[in-house]
Amino acid sequence: MRRFIMKQDFFKKYHTIYFIGIGGISMSGLAEILKSKGFSVSGSDMKSSAVTKHLCDTGIKVHIGHKAENITDDIQLVVYTAAIKEDNPELIAAKQKNIKTIDRAHLLGKIMKEYPHSIAIAGTHGKTTTTGMVSDILLCAHTDPTITVGGILPTIQSNTKVGKSSYFVAEACEYCDSFLQFYPLIGIILNIEADHLDYFKNLENIRTSFHGFANNIPPNGTLIINNQIPQLEELLKNISCHIETFGLEGNPNWKAKNISHSFDGKNSFDVFHNGTFLGRVTLYVPGEHNITNALSAFAASYTLSLPVEDIIKGLEQFHGTERRFQKKGEKNGILVIDDYAHHPTEIKATLSAAKKIKHNKIYCIFQPHTYSRTKFLFDSFATAFSDADVILLADIYAAREKDTGSIHAKDLANEIASHGKNAVYCGDFSSIIHYLNNHCNTGDLILTVGAGDIYSVGEAFLNQ
């Protein structure tokens, strides 16, 4: 297959590119893709990490710390993320030097335009997992795709793969309307719920954004969308591309039937398209939500005319991405699983999947992610832990936010407890580990949940 060379005038104009926040999971992937295309790439991050070390190993220069002097006169384009504020010294320096600046989403959209067979996966939940599923299918079909995923995919041992074909698969995040910069041939919408309310005003605002994403798919493209999304007809008004629905209920185009669950977490189901049986899939990632994720991945791959046997094989070889119901290990008969879930719906789905695994008690350790999300979705969080036996609360992970004192993890622990659950505020990680050591017994399951660094609690427990 021939290597795709960047054809747009944009890429002909800018050859020396600098990434502010290059160590991020998405930014690092884009940096690698451009490096592979012959661009001169460098960047900075606040601290060194395994990602920044990997980038350095590929020949990309990475500065630790954001400093104005890092922005040299030879740089033609500066890329930044939504987390970079206007007072960032490198962003200020770039503007003072009249260097073109562009956010990450704009760059990803421009890269995506280079690939005729592009797939973008959107939704409030499940993007990384579904992107991983599509990626494994494309790899099984020997399409040599370019992949950028929001987590480490074991098949490629990275979050990025630079292929030499016309196939491109990427996550499409709605935060800050980022995915409105994408124009994929195939778009997937997994679900639409209230989230990122520090940016969006309300759910209707979010739905408008997802409508815009769907509207970006060209007339010869396909939108694959969950048929259980409320007011679906309204959402799809004036969409010009072909539309395929998927789901477990009603009469979608794509449906899973004859579903069976095993105690080790596997799911098996028959796939039907417009009433025609296409094959039976055994999925090695647990939870009913992953069956719908797999249906959408099957539909996207089938739309690309990939062989059904390769689609089934790709789904069966998919064993998840890092931090998505990832089995971390076992100690004294106690199983430790980690999951990135940070929204009430995701927590419910994760706990539902965990409940299907043989266990005595489920200890769910939750680290709320951002003050705004904890506050906006407070009532939903309070009722999301019904399938856990014990809930341990860590302090809120601030991420991009500052603590205004309006919400605390103690408040959430008390509210969960008011619903009849055994919820305990622990705060720091050492207190959580101490609690686990004193209470967990053989046959119990520890589930670390959250988008921050809560995974380290499970690792520390296992390594003691």
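The structure we're discussing is the one just above.
Residues numbered from 1 in each chain as written. Predicted model: local features only at pLDDT ≥ 70, side-chain atom pairs only at ≥ 80, totals over all residues. Heavy atoms only, no water.

## Here we look at empty space enclosed by the protein
Which entries qualify depends on this criterion: Of the two site types, the cavity is a set of points on a 1 Å grid over the protein atoms alone where a 1.4 Å probe fits but cannot get out, and the pocket is an open set with protein on both sides within 12 Å along at least five of seven lines, each lined by residues with an atom within 4 Å of a point. Grid points are joined across faces, edges and corners, and a volume is the space filled by probe spheres set on the points. Put simply, Ala, Val, Leu, Ile, Met, Phe, Trp, Tyr, Cys and Pro go in the nonpolar bin, Asp, Glu, Lys and Arg in the charged bin, and everything else, Gly too, in the polar bin.
Evaluated as defined, the whole model comprises one cavity of 30 Å³ or more. Size it by volume and the largest cavity reaches roughly 30 Å³. Lining the largest cavity, in full, are D195, H196, L197, D198, T370, S372, R373, R400 and E401. Looking at the lining of the largest cavity residue by residue, the classes come out as one nonpolar, three polar and five charged.

## Brief notes about helix α14 (residues 409-417)
In plain terms, the rule: Burial classification: accessible surface area is computed with a 1.4 Å probe over protein chains only, and a residue below 20% of its type maximum counts as buried, one above 50% as exposed, and the rest as partly exposed. Numbered from the N terminus, helices here are DSSP runs of H or I no shorter than four residues, and strands are runs of E no shorter than two. The arc under discussion is defined with respect to the helix axis, by the directions toward the C-beta atoms. Contacts: residue pairs with any heavy atoms within 4.5 Å of one another.
Turning to α14, its buried residues are A409, L412, A413 and I416. For α14, the buried positions fall inside an angular range of 100 degrees around the axis, keeping them on one side. In this fold, the buried residues of α14 make contact with β18 (362-366), α12 (371-376), α13 (378-382), β19 (390-394) and β20 (422-427).

## Focus on the side chain of D310
Relative to the elements of secondary structure, D310 occurs in helix α10 (residues 308-317). Discounting residues that sit within four places of it in the chain, D310 has contacts with I137, C140 and A141.

## Here's the deal with the layout of surface pockets
Of the pockets and cavities examined, the second largest pocket occupies roughly 210 Å³. Along the wall of the second largest pocket there are 14 residues; nearest its centre are Y284, P286, H319, F325 and K327.

## Some details on the environment of K266
Looking at the element boundaries, K266 is found in the loop between β13 (254-261) and β14 (267-273). When its relative accessible area of 24% is taken as the criterion, K266 is described as partly exposed. Along the chain, K266 and C140 lie 126 residues apart, while their C-alpha atoms are 20 Å from each other. Residues in contact with K266, not counting those within four places in the same chain, are S260, H261, T282, L283 and Y284.

## Observations regarding the pattern of salt bridges
Side chains bearing opposite charge may pair, as long as their charged atoms lie close to each other. Spelled out, the test is: Should a side-chain nitrogen of Lys or Arg be within 4 Å of a carboxyl oxygen of Asp or Glu, the pair is scored as a salt bridge.
Enumeration according to the criterion identifies 10 salt bridges in this entry. For K95, the salt bridge identified is with E86, shortest N-O distance 2.9 Å. With relative accessibility at 40%, the residue K95 sits in the partly exposed group. Judged by its relative accessible area of 58%, E86 falls in the exposed class.

## With respect to the nonpolar core
Where a protein is soluble and globular, its nonpolar side chains tend to be buried together. Quick note on the threshold: Here the nonpolar core consists of buried residues drawn from Ala, Val, Leu, Ile, Met, Phe, Trp, Tyr and Cys, with membership extended through side-chain atoms lying within 4.5 Å.
Ranked by size, the top nonpolar core spans 79 residues in total, and within it F19, L34, L107, I111, I189, I347 and F385 carry the most contacts. Not counting residues up to four positions away in its chain, the partners in contact with I347 are A341, F366, F381, A384, F385 and V449. Within the second largest apolar cluster, 41 residues are counted, among which are I156, F298, A299 and I312.

## A few points about the pairing of strand β3 (residues 61-64)
Applied cut-off: Here, strands pair whenever DSSP counts at least two bridges between them. For the handedness criterion, the strands are oriented away from the viewer, and a crossover whose path from the first strand over the helix to the second runs clockwise is classed as right-handed.
In this sheet, β3 lies alongside strand β2 (residues 40-45) in parallel orientation, the contact comprising four bridges. Directly across from S44, in β3, lies its bridge partner H63. A crossover links β2 with its parallel partner β3, the connecting element being helix α3 (residues 50-57), and its sense is right-handed.

## A word on the sheet that holds β20
Through backbone hydrogen bonds, the strands of a sheet pair up, either in parallel or in antiparallel fashion. Applied cut-off: Every axis in this analysis is a line fitted to C-alpha atoms, fitted for helices over the stretch in contact. Angles between the N-to-C directions lie between 0 and 180 degrees.
Here six strands make up an open sheet; going across it, the order is β16-β17-β21-β18-β19-β20 and the pairing mixed. If you trace the sheet from one side to the other, it starts and ends with β16 (326-331) and β20, each paired once. Strand-to-strand, the axes of this sheet are offset by a mean angle of 20 degrees, without reference to chain direction. Note that β18 and strand β21 (residues 445-449) share five bridges and pair parallel. Opposite Y363, over in β21, you have I446 as the bridge partner. In this fold α14 packs onto β18, β19 and β20, with an angle of close to 170 degrees to the strand it touches most, β20.

## Some details on the environment of H196
Inspection of the secondary structure assignment puts H196 in the loop between β10 (186-189) and α7 (203-215). With 231 residues separating them in the primary sequence, H196 and G427 have C-alpha atoms 24 Å apart. Once residues within four sequence positions are removed from consideration, H196 is found in contact with E174, Y175, R373 and R400.

## Focus on the sheet that holds β3
Ordered in space as β3-β2-β1-β4-β5, the five strands form an open sheet in which the pairing is parallel. Strand pairing shows two members of the sheet lacking a second neighbour, β3 and β5 (100-103), which therefore form its edges. Going across the sheet, the axis of each strand differs from the next one's by a mean of 20 degrees, ignoring polarity. Bridge analysis of strand β1 (residues 16-20) against β2 gives five bridges, and the strand direction is parallel. Each bridged residue has a counterpart across the sheet, and for I20 the counterpart in β2 is S44. Across the sheet, helix α2 (residues 25-36) lies against β1, β2 and β4 (77-80), angled at about 170 degrees from β1, the strand it touches most.

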